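Examining the three-dimensional arrangement
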Amino acid sequence: MIEIKNKQILIDGEPKIIMAGEIHYFRLDRNEWQDRIDKLKAAGCNAVATYVPWLCHEPVEGEIDLIGETRPELDLVGFIDLCAENGLYFFLRPGPFIMAEMKNEGIPHWVIEKHPETVPVTWDGKTTLAHTLDYMAPGFLQETKKWFEAVAAVSVPRLHTNGGNIIAVQLDNEIGMLSWVSNSPDLTDNVLSDFSHWLKERYDVNALISRYPFDINDIEGRKEAIRSPKEEYSAELHYDLGYYMRNRFARYVATLRAYCEESGVKDVPFVVNIHGTGGGRALRFPIGISQLYESYTQAPGYISGSDIYFGDLSMATFQDLYLINGFMDAVHNQDQPLTSVEFNCGDGNFGNNYSGRLDPSAADFKARMCIAQGNRLLNYYLLTGGRNYRMDNEYNDGNDRIAHTGERHGFAAPIGPEGELNYTFPRMARSIKTIMAVSDKLAVMEEERDPVAFAFIPDYYMTESCYSKSETMKKMYQNIEANRAGSAWDNMARAMLLAGYRFGSVDIQNKPVDPHETPVLAVPSACYLHREVQQKLVDFLYAGGNILLYGEVPTHDMEAKPCTILADALGVQPTEVRTANLNYKLSVYADGWAKQRPEIRTHKAQALEVDNAEVIFRIYGTDEVCGIDTKVGNGRAIVIATAYNTDIDLYKEALEKLGAHASLRHDCNYHGIFMTSTATKEGERFIHILNLDGFDKDIHLYENESKLLDGRKIMLQSKDGLMIPINVTLNDVKIKYSTAEVKNVKKDTIDFRLTQAEDVIALETDREIAPSEDYHVQKRENTTYVISKKHGKIDDRLTLRFI
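Residues numbered from 1 in each chain as written. Predicted model: local features only at pLDDT ≥ 70, side-chain atom pairs only at ≥ 80, totals over all residues. Heavy atoms only, no water.

**Notes on helix α16 (residues 471–484)**
The terminal C-alpha atoms of α16 lie 20 Å apart, and with 14 residues this matches the ideal 20 Å at 1.5 Å per residue to within 8%. Of all the residues in α16, the buried ones are M473, M476, Y477, N479, I480, N483 and R484. Those residues of α16 hidden inside the fold are in contact with α10 (234–262), α11 (285–296), α17 (487–498), β17 (520–525), β18 (546–551) and β22 (604–610). Downstream of α16 by one or two residues, G486 has phi in the positive range, about 45°. (Helix = DSSP H or I, 4+ residues; strand = E, 2+ residues; numbered from the N terminus. Expected span 1.5 Å × (residues − 1). Buried < 20%, exposed > 50% of the residue type's maximum accessible area, 1.4 Å probe, protein only. Contact = heavy atoms within 4.5 Å.)

**Examining the nonpolar core**
I289, Y380, L521 and F617 are the most contacted members of the largest nonpolar core, which totals 262 residues. The dominant element in this core, judged by the number of residues it contributes, is α10, at 13 residues. For F617, the contacting residues outside a window of four places in its chain are V588, Y589, A590, D591, A594, E624, V625, C626, G627, I640, Y644 and L650. Among the nonpolar cores identified, the runner-up in size contains 20 residues, and M675, L708, L709 and Y785 belong to it. (Core = buried A, V, L, I, M, F, W, Y, C linked by side-chain atoms within 4.5 Å.)

**Concerning the environment of E576**
For E576, the position within the fold is in strand β19 (residues 572–579). Distance from E576 to M462, taken between C-alpha atoms, is 25 Å for residues 114 residues apart in sequence. If near-sequence neighbours (up to four positions away) are discounted, E576 is found in contact with A605, Q606 and A607. Of the polar contacts made by the side chain of E576, one reaches the side chain of R578; its length is 3.4 Å. (Polar contact = N/O pair within 3.5 Å; in protein donor to acceptor, adjacent residues only side chain to side chain.)

**Regarding the pattern of salt bridges**
One pass over the full model with this rule turns up 66 salt bridges. With a shortest N-O distance of 2.7 Å, R158 and D81 are connected by a salt bridge. Of this pair, R158 sits in the loop between α5 (138–155) and β7 (166–170) while D81 sits in helix α3 (residues 76–85), placing them 77 residues apart in sequence. When its relative accessible area of 19% is taken as the criterion, R158 is described as buried. With a relative accessible area of 28%, D81 lands in the partly exposed category. For R753, the salt bridge goes to E741, with nearest N and O atoms at 3.0 Å. (Salt bridge = Lys/Arg side-chain N within 4 Å of Asp/Glu carboxyl O.)

**Some points on the pairing of strand β23 (residues 614–619)**
Here strand β20 (residues 587–590) pairs with β23 via three bridges, running antiparallel. Note that in β23 the partner of V588 across the bridge is I619. Here β23 pairs with strand β24 (residues 625–632) via four bridges, running antiparallel. Counterpart to V615 in the pairing with β24 is I628. Taking the residues that link successive antiparallel strands as the turn, the β23-β24 hairpin has five residues, and the phi of G621 there is positive, at about 95°. (Pairing = 2+ DSSP bridges.)

These figures come from the coordinates and say nothing about function on their own.
Dropping the structure here:
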């Protein structure tokens, strides 16, 4: 039995951490399968994941091969069974779309040829450049249902609930991504008909007429009006089309799930993966959340999974991963856990030209942060490379292979196409084994947080479809994109993390905001914000909540109509936004309680007229206000209406004035350290630390201003992570703390990874510790101290044996 409960994945009642690796069986010779599985197990994984490419298994309509009759490598049944023989769980990803660099994104050619009406038409009636189809077109759904029935026939007997090893099934892949990245929303005749029905259900006749000055029932007229919108209603169309697409995607996902359940695939989690990272950052990842959160929160039994592709986790990017995990959690229901179903690993050499080169710490750091924030499943993608075979039919597409990457595929994978291990494999494996050594603890732990949360507004990321000829749309998009992430993430969020704050996120658009549960909100704000959300923030302030607002005080709602509910409550009147240019070096200076700070250059500042507030920032040359501290009702708001830099002390002081203190901190003046903590209800804890820099750091750890680890200073090695156990019981041994990392746990031994010149392991146990040349033992009252004699940089292995 598999349950999704209390943000945990329970298998037969036991909370689990699933560490999977993606192996594309269809890209390997069958006699290579066991070798790749052996290497997956050597990495510490306990599960295998794979796409099931419809393109390969049914290249000819009606001739489906899932048992390897046409090609041995297409024996999906044999591959699942082989994984079961190796004691591995299985994560099935049958599409219909799979991407994976496949031709047609994994859709058979015949489906497109048979149903040309499914090929999307987009803005101005043009054919989309993306290789996508109209998800809800009857013809496409008809063929998809047959495909799902075929996959179900072989997978149902292999479901975990039926004694097999399949523990999860993914529905489609990166839904909506292709339309978004190409700015080509699906506007087929079928979609426009459905959209029109949706509009008529959402609005009464008079409201619909006032929004759209055309006859929604005129089939030909609405084609032109929607595909080439006029400026007068472009903002309304942006809003409605975005909401409709969320609903459409949710119906598509529900349809796929129904196909599965009708065919017997049930009682397993159905996974919806979220796209959006790229270019080394995750700034646009929440677009995927915005598109799909209705899909995976519409009913019990769904879980969402991130796609994480942004290379090294560094000082430039670490806040991105922390934030997107928080945003995912913010829209979840109370039971849904975090997962990552495409957790990028390998060396970054995606183009097979050595232009990408990742540090060995990349996958390690990201895994540690994700696990600390509550991810219960990570699927390392792509774990092993392979080959793209040539198809039997010739399509005259340049190579006639199943994919467009050439003969070899997965050049960057830790396990290369020919099975060789690259330089990232050992560090990745060390990380996975460290997590799995204490997975029973991590599977139930939750992140401990300080009394502050980062606000998430899904509609700030509903920017996947912008009609290029609409100045209203472009103006809205540019302002929202400039304020929702970018500076807010790089300055405010990064400063909060470097100051030691541990925080989650709150969906302030769709969920209640209670100052008793969330005393302080950090809010990235644009010129545009829903009328209802502005009122919600005002109510929050009057109820005693506190806000740190960064960006701009909103002046309009999300349909570009004037709305100053929040500005009025703050007692400010925004006038104009000053921007820097080649001849104007816009600068801001501090005032009020922030006054001792030096003047800074910035690229923008919103000028405010203020009624009655303490001014904390002004624009040089005009003395216009661009930052205030003010009381609102029973609450308090600090507004930073300028792109203020990552002044850690400033944000710390602001948050402390609002009542949020960081209780866990270190004393390294060089910063570059990410730190958080997790705990069970019983008080077992881990402190998770990442040294993001390429040099060692000596630090003390403090909690509520008291030194931890008996006051010992620890060294964080360059580009290393550390998971420090605090009061963690392993078998009948309680680790009060350890500077060494737990690596493996058995009945009479605990293996550690040494990290210091002299590691200290403090225990509470009645068991006698066997003598060893590797350590000496001291007892003080009820604590036994094991002190390593080995330097962690010379030999980092230590086994503690109990008699």
